[in-house]
Amino acid sequence: MPELSPQDWQAIAVTLKLCALTTAILLVLATPLAWWLAHRQSPSRTVVQALVALPLVLPPTVLGFYLLIALGPRGPVGQTLEAMGLTHLAFSFEGILVASVIYSLPFAVQPLLEAFRHLGARPVEVAASLGAGPLDRLFTVILPLCRGGFIVAATLTFAHTLGEFGVILMLGGSIPGETQVLSVLIYDYAEAMDYAAAHRLSLGLLIFAFVVLVTVYSFNRRFDGVRP
Amino acid sequence: MRSPLTMRLALLFGLLVLAFPGHALTIAAASSLRQVMPELEAAFEQQHPDTPIRVIHGASGKLATQILNGAPYDLFLSADDTYPRRLAEQGAGATEPEPYAVGRLALWQGDPQRPALMPEELAGSDIHKIAIAQPRHAPYGLRAREVLQALDLWQLLQPRLVYGENIGQTAGMVESGAADAGLIAWSLTFTPGLSGRPYTLIDQRLHSPLTMAMVITREGADLPDARRFHDFMLSTEAQAILVRYGFEAPTRN
């Protein structure tokens, strides 16, 4: 294994922090959203579903461009934050975290939606009729029964954030220790024609991505077997 | 599934958050400075060992746009004087643009076996792809277009041109063999391991001068280190390093 430079380690730390925080935030946000999508039949459901899936279709540049405008010092969100005495979010870690949450949203919602549909409304209704409160139902019925869905959602979100590039490049620039994630650092190495450095990080990511996917698929199979 | 994994992740964030240092001097530098920058940094750090520096490279136009959009760069080393002037005009600069070097264009080829080309020979039939940087936001790209226009080759070579996002990527296109030749910054031919590649220095009269200027941004206005690096760039030591990497001294008026 070739030696990693301090800059590599810094990018690895930023990347892991971004992936972990994005995953944690998205699991919290996507659970109620996926539940709502799985059980609601209102016309607004289609619109929400389309909004959730938008990042799958849009080029990252479109998302990056609008986020830069919105979160920057002259944008509505950035200006509101500045008016509150905070700083705007362009070219900051918080900014790329917001972007990652939006960008990976479909990867968290989709597996959960699938799992909740499989589960159906019945187990939860039974639990409610036996006197279980909403939180109780979440932790003792939904979470254990949809464990596979949660694991797949978390893994895919983590992995997709790891592979994020265009949005971060546009919104975050390439600031070491702040917004320079692995994918951006690899681009930077390639631009500097430092192919050895680009190669050692690329190979690492390639292997990691493969392992993640093998994990996801093996979980998928295991839980397929125990589904009702 | 929740508790142990979540707790371990929480611990990981904690450690990562602690690992990040405070404010460092952040320099946005033109891509043409990629090879020389590490040496300039090392020389500066010898004089000011307590100043952590981080450098972000990119096309000057892109870096200027990022600064206008609130990027936290303290000092902007541009590849021309247009973008620093634009920042100053829009209130994003804290100092007047100061020239620190003059850049030179080189016609570069990836194949070390071939003789160096003259720009007039680009029309030759064995040159299939010619790389230049995007003229819209890369100063070296704009000058490359001027050179081809001055030689009356711009229209003729249109179908063979490929565009790099910045001059570093453009050089990469030539280096990898994706393009047969490219008009790049002379300074990038000093990339370690690539010094044997044939190149021809372009006559400066064929393009408007690449007067490279720097400006301290509003972000860096109160940062003494920004001023120190700014002044260091004009020192005899920094100027000597720049000359060794294919830049010329700016003309003083």
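Definitions and cut-offs
Residues numbered from 1 in each chain as written. Chains lettered and ligands numbered in written order. Predicted model: local features only at pLDDT ≥ 70, side-chain atom pairs only at ≥ 80, totals over all residues. Heavy atoms only, no water. Helix = DSSP H or I, 4+ residues; strand = E, 2+ residues; numbered from the N terminus. Axes fitted to C-alpha atoms, helices over the stretch in contact; angles between N-to-C directions. Parallel < 35°, antiparallel > 145°, perpendicular 65-115°, else oblique. Left-handed = near helix turned anticlockwise from the far one by under 90°. Contact = heavy atoms within 4.5 Å. Nonpolar A, V, L, I, M, F, W, Y, C, P; charged D, E, K, R; others polar. Pairing = 2+ DSSP bridges. Buried area = accessible area lost by both parts, 1.4 Å probe. Salt bridge = Lys/Arg side-chain N within 4 Å of Asp/Glu carboxyl O. Polar contact = N/O pair within 3.5 Å; in protein donor to acceptor, adjacent residues only side chain to side chain.

### A short note on unusual backbone geometry
Point 1. In this structure, Met 193 of chain A is a non-glycine residue whose phi angle is positive, near 60 degrees.
Point 2. With respect to the helices and strands, Met 193 of chain A occurs in the loop between helix H10 (182-191) and helix H11 (195-226).
Point 3. Residues other than glycine seldom take positive phi values, yet Asp 152 of chain B does so here, at roughly 65 degrees.
Point 4. Looking at the secondary structure, you find Asp 152 of chain B in the loop between helix H5 (139-150) and helix H6 (154-157).

### Here we look at the packing of helix H3 (residues 60-71) of chain A against helix H5 (residues 93-119) of chain A
Residues and elements named next belong to chain A.
Point 1. Packing of H3 against H5 brings their axes to within 11 Å, and their N-to-C directions diverge by 135 degrees. Considered as vectors, H3 and H5 are oriented oblique to each other. With respect to the hand of their crossing, H3 and H5 are arranged in right-handed fashion. Only Gly 95, Val 98, Ala 99, Ile 102 and Tyr 103 of H5 make contact with H3, whose side of the interface consists of Pro 60, Leu 63, Leu 67 and Leu 71.
Point 2. Of the residues contributing to the contact of H3 with H5, the split by class is eight nonpolar, one polar and no charged.

### What to know about the sheet that holds strand S5 (residues 105-109) of chain B
The strands that make up a sheet pair up through hydrogen bonds in the backbone, lying either parallel or antiparallel.
All names here are of chain B.
Point 1. Across the sheet, five strands lie side by side as S7-S6-S8-S5-S9; this open sheet has mixed pairing. A strand with exactly one partner marks an edge of an open sheet, and here the two such strands are strand S7 (161-164) and strand S9 (199-201). Here the strands of the sheet are splayed against their neighbours by 30 degrees on average, with no regard to which way each runs.
Point 2. Strand direction decides the pairing type here: strand S6 (residues 130-133) and S7, joined by four bridges, are parallel. Bridge pairing in S7 places Ile 132 opposite Tyr 163.
Point 3. The strands that helix H7 (residues 167-175) touches are S5, S6, S7 and strand S8 (181-185); relative to S8, the one it contacts most, it runs at about 145 degrees.

### Some points on the interface of chain B and chain A
Point 1. Across the boundary between the two partners, chain B contributes 31 residues, which contact 33 residues of chain A.
Point 2. A buried area of about 2,600 Å², summed over both sides, lies between chain B and chain A, and 65% of it is on carbon and sulfur atoms.
Point 3. Across the contact surface, chain B and chain A share two salt bridges.
Point 4. The salt bridge involving Glu 191 of chain A is made with Arg 34 of chain B; its shortest N-O contact spans 3.0 Å.
Point 5. Summed over the shared surface of chain B and chain A, the number is seven residue pairs in polar contact (both at pLDDT 80 or more).
Point 6. Elements supplying a minimum of two residues to the side of chain B that touches chain A: helix H1 (2-18), strand S2 (53-58), helix H3 (60-68) and H7 of chain B.
Point 7. Considering only residue class, the side of chain B that touches chain A consists of 16 nonpolar, 10 polar and five charged.

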